[in-house]
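Chain by chain, the residues run as shown.
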Amino acid sequence: SILMNLSGTKNGRQGKCVIFIRIAIVAGMVLLTTVLAVIMSNSSGGRWWSSSSGAASDDVSDPSTLAIPFPKVDRATYGDPAEKIVDTSLFDPRLLGVPSSPTPADDDDSEESSGIGTNSTRLRHLAAVKDIQAATSLLKVPFPTGAFWTNLVLKSTTDQGLSYPIFAYPYGYKWSSSKLETSYPPLRRKMDSTSIRDVFQPDLTFGSAEEVLMRHVVSFDPLSVSVRFLSSEHQERSSYWESYIVRGSPYVTIKYRAATPMISPLSNFKSVMCPRDDSGNYKDAPTINKAQ
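Residues numbered from 1 in each chain as written. Predicted model: local features only at pLDDT ≥ 70, side-chain atom pairs only at ≥ 80, totals over all residues. Heavy atoms only, no water.

Here's the deal with the pairing of strand 4 (residues 171-175)
Burial of strand 4 is extensive: five of the five residues sit out of reach of the surface. The pairing of strand 3 (residues 166-168) with strand 4 spans three bridges and is classified as antiparallel. Across the sheet, Phe167 pairs through a bridge with Gly172, a residue of strand 4. Taking the residues between adjacent antiparallel strands as the criterion, strand 3 and strand 4 are bridged by two residues. Sheet topology note: the strand 4/strand 5 (residues 180-183) ladder contains four bridges and is antiparallel. Looking across to strand 5, one finds that Lys174 is bridged to Glu181. (Buried < 20%, exposed > 50% of the residue type's maximum accessible area, 1.4 Å probe, protein only. Helix = DSSP H or I, 4+ residues; strand = E, 2+ residues; numbered from the N terminus. Pairing = 2+ DSSP bridges.)

Section: the environment of Pro170
Here Pro170 is to be found in the loop between strand 3 and strand 4. Taking the C-alpha atoms as reference points, Pro170 and Val246, separated by 76 residues in sequence, lie 10.0 Å from one another. Not counting chain neighbours up to four residues away, the residues in contact with Pro170 comprise Ser183, Tyr184, Pro185, Pro186, Gly248 and Ser249. (Contact = heavy atoms within 4.5 Å.)

Quick notes on the sheet that holds strand 8 (residues 204-208)
Spatial strand order, 3-4-5-8-13: five strands in an open sheet with antiparallel pairing. With partners counted over all chains shown, the strands left at the sheet margins are strand 3 and strand 13 (261-265), one partner each. Shown here is a sheet whose adjacent strand axes are inclined to one another by a mean of 25°, direction ignored. (Axes fitted to C-alpha atoms, helices over the stretch in contact; angles between N-to-C directions.)

Structural notes on the packing of aromatic side chains
One pass over the structure, following the stated rule, counts eight aromatic pairs. An angle of 55° between the planes, with centres 5.8 Å apart, marks the rings of Tyr171 and Tyr184 as tilted. With a gap of 13 residues between them, Tyr171 in strand 4 and Tyr184 in the loop between strand 5 and strand 6 (190-191) connect regions that are remote in the sequence. With a relative accessible area of 32%, Tyr184 lands in the partly exposed category. Pairwise contacts between aromatic rings join Phe91, Phe143, Trp149 and Phe220 into one cluster. Directly above the ring of Trp175 sits Arg215, whose terminal nitrogen or CZ lies 4.7 Å from the centroid. In this structure, Arg228 packs its charged tip against the face of Tyr240, placed 5.0 Å from the ring centre. (Phe/Tyr/Trp six-rings, centres within 6.5 Å; stacked < 30°, edge-to-face > 60°. Lys NZ or Arg CZ within 6 Å of the ring centre and 35° of its normal.)

Written out as structure tokens, the structure reads:
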């Protein structure tokens, strides 16, 4: 008799637990249905809502449906526009949404793909570019606020018009309207109990014998930035020199095209070497022999 009573009590408790679980499941489903109904009613009958356009869209592939639902804040409203610290004239016009001047290529380097064009057409294009730059708010593409190279496009310092330094370790860089300075900061590294400081000194300075008309940041990605200086000579042929600054690269790379290199060291060169082939000719200019 006692065992039967205990068994009955146990079964009764199990029955109550099953009832309570069912009630909880039903309540959860009702709550979920209510939440979905509220969302659908706020979405105009189940359509996706675009906060950027203020209109509904049935197509979820519409880019406007992916807009960030936060208000756009303009720094200029608070008296601190981005143009106050960023020099937009240092960006290639294409990054500002200005089409490059159409010009056929005049050698193996494709100018059309790089948007260079001859200097004469670029000069004619420059006036229109400046007008657009003056009316353009930064870039046509998102500005990489935290990129390692953004010091290059800030307003120049009073030190010979040089930029603030950037560091694409192991090298550091500065540029001005006519030159590019490169430093190997670990040579002058200073350490103490609270900090490690790398001092910038221009170990190598690159320029050209030709006058530089303008300079631009022409492209960038998360690990690199390319800068270009356009020269004044060879009006019917593109004359420029450029550098590809890559984070972690053990080399400093400068490309000169129809321009005369000028390279100045902080101290004296111990030696200068150009790569040659097995015949003693320069690898990049087979027509120049060893004697020349």
